[in-house]
Amino acid sequence: MKHIVILISGTGSNMAAILRAAERDRWAERLGARVAAVISNRPGAKGLDLARQHGIATGVVDHKAYDGREAFDAALQAAIDAHQPALVVLAGFMRILTPGFVAHYAGRLVNIHPSLLPAFPGLHTHQRAIDEGCKLAGATVHQVTAELDHGQILAQAAVPVLPGDTADTLAARVLTQEHLIYPRAVADLLRKM
């Protein structure tokens, strides 16, 4: 069985979309894969409750308890590796990872970013798209590399930027597409493993 470990920092809406797809599309039977654990860097992350409701192991590696990124990443890596993951999925995980951590999971670490990469890496993507006068915005699933929001693009979805859009209204439309493309991209990766 191929184990998936999902990392979250908050509500875990993309995690929830992946869990729904895994159940609906019978990943265990069809792909020989299951979500083995959900780990958060924030003890109060709402997504942990949802994972528990689905009978999935959860863990917390609180970044505030560590002196620096290297120490945090080492502890996080140990927590992830306890589940022997075939794939590590960042789903709203709001930490920048060290090059050593990324190298450890090379080819097995994926992320979703709320822009049409390579446009607008980093934060405040929706406002930046509006400010630049973009006609389209969207989301990108990509392999994680040591360079922030780079790496091979695995899937993208575009949505129109509408007159009068705010960062929040645009974000809401993009999020609906994230929930569609992320589970598909994860399933595609699992089929190739």
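Everything below is about the structure printed above this text.
Now for a quick tour of the structure.

Conventions and cut-offs
- Residues numbered from 1 in each chain as written.
- Predicted model: local features only at pLDDT ≥ 70, side-chain atom pairs only at ≥ 80, totals over all residues.
- Heavy atoms only, no water.
- Core = buried A, V, L, I, M, F, W, Y, C linked by side-chain atoms within 4.5 Å.
- Buried < 20%, exposed > 50% of the residue type's maximum accessible area, 1.4 Å probe, protein only.
- Helix = DSSP H or I, 4+ residues; strand = E, 2+ residues; numbered from the N terminus.
- Contact = heavy atoms within 4.5 Å.
- Expected span 1.5 Å × (residues − 1).
- Salt bridge = Lys/Arg side-chain N within 4 Å of Asp/Glu carboxyl O.
- Pairing = 2+ DSSP bridges.
- Axes fitted to C-alpha atoms, helices over the stretch in contact; angles between N-to-C directions.
- Parallel < 35°, antiparallel > 145°, perpendicular 65-115°, else oblique.
- Left-handed = near helix turned anticlockwise from the far one by under 90°.
- Nonpolar A, V, L, I, M, F, W, Y, C, P; charged D, E, K, R; others polar.

Topic: the nonpolar core
Residues Ile-4, Ile-6, Trp-27, Val-38, Val-89, Tyr-182 and Val-186 are the most contacted members of the largest nonpolar core, which totals 40 residues. The element that contributes the greatest number of residues to this core is helix H7 (residues 167-192), accounting for 9 residues. In this structure Val-89 touches Ile-4, Val-5, Ile-6, Leu-7, Ile-18, Val-110, Tyr-182 and Val-186, once residues within four positions along its chain are discounted. Membership of the second largest hydrophobic core comes to 18 residues, among which are Ile-39, Val-61, Ala-75 and Phe-101.

Describing the side chain of Gln-143
Looking at where Gln-143 falls in the secondary structure, it is placed in strand E6 (residues 136-143). Each residue touching Gln-143, except ones within four places of it in the same chain, is listed here: Gly-107, Arg-108, Leu-109, Val-110, His-150, Gly-151, Gln-152, Leu-154 and Leu-189.

Remarks on the environment of His-150
Mapped onto the elements of the fold, His-150 is located in the loop between E6 and strand E7 (153-160). Under the relative-accessibility criterion, His-150 is labelled partly exposed at 31%. Considering only alpha carbons, one finds His-150 and Gly-133, 17 residues apart in sequence, at a separation of 23 Å. Those residues in contact with His-150, other than ones at most four positions away along the chain, are His-142, Gln-143, Val-144 and Thr-145.

Some points on H7
The terminal C-alpha atoms of H7, which comprises 26 residues, lie 36 Å apart, in line with the 38 Å expected from a rise of 1.5 Å per residue. Within H7, the full set of buried residues consists of Leu-170, Val-174, Glu-178, Ile-181, Tyr-182, Pro-183, Ala-185, Val-186, Ala-187, Leu-189 and Leu-190.

A few points about the pattern of salt bridges
In the structure shown here, the tally under the stated rule is 5 salt bridges. The salt bridge involving Arg-24 is made with Asp-25; its shortest N-O contact spans 3.1 Å. Relative accessible area serves as the criterion here: at 28%, Asp-25 is assigned to the partly exposed category. Across the salt bridge formed by Arg-191 and Asp-188, the nearest N and O atoms sit 2.8 Å from each other. Residue Arg-191 and its partner Asp-188 are both found in helix H7; the two are separated by 3 residues, about one turn of the helix.

A word on the sheet that holds strand E4 (residues 85-90)
Here we have 7 strands laid out as an open sheet, ordered E3-E2-E1-E4-E5-E6-E7, and mixed in their pairing. Here the strands that pair on one side only, and so sit at the sheet edges, are strand E3 (57-60) and E7. Going from strand to strand, the sheet's axes swing by 20° on average, the running direction of each strand aside. Bridge analysis of E6 against E7 gives 7 bridges, and the strand direction is antiparallel. Its bridge partner lying in E7, Val-141 is registered against Ala-155. Each of strand E1 (2-8), strand E2 (33-40), E4, strand E5 (109-113), E6 and E7 touches H7; the most contacted strand, E7, lies at about 155° to it.

A look at the packing of helix H1 (residues 13-24) against H7
Packed helices, taken two at a time, are described by the angle between their axes plus the distance between the axes. The N-to-C vectors of H1 and H7 enclose an angle of 50°; their axes lie 9 Å apart at closest approach. Considering the angle they form, H1 stands oblique to H7. Crossing geometry of H1 relative to H7 is assigned as right-handed. Counting all contacts with H1, which are made through Ser-13, Asn-14, Ala-17, Ile-18 and Ala-21, the residues of H7 involved are Leu-175, Glu-178, His-179, Tyr-182, Pro-183 and Val-186. When grouped by side-chain class, the residues that make up the contact of H1 with H7 number 7 nonpolar, 3 polar and 1 charged.

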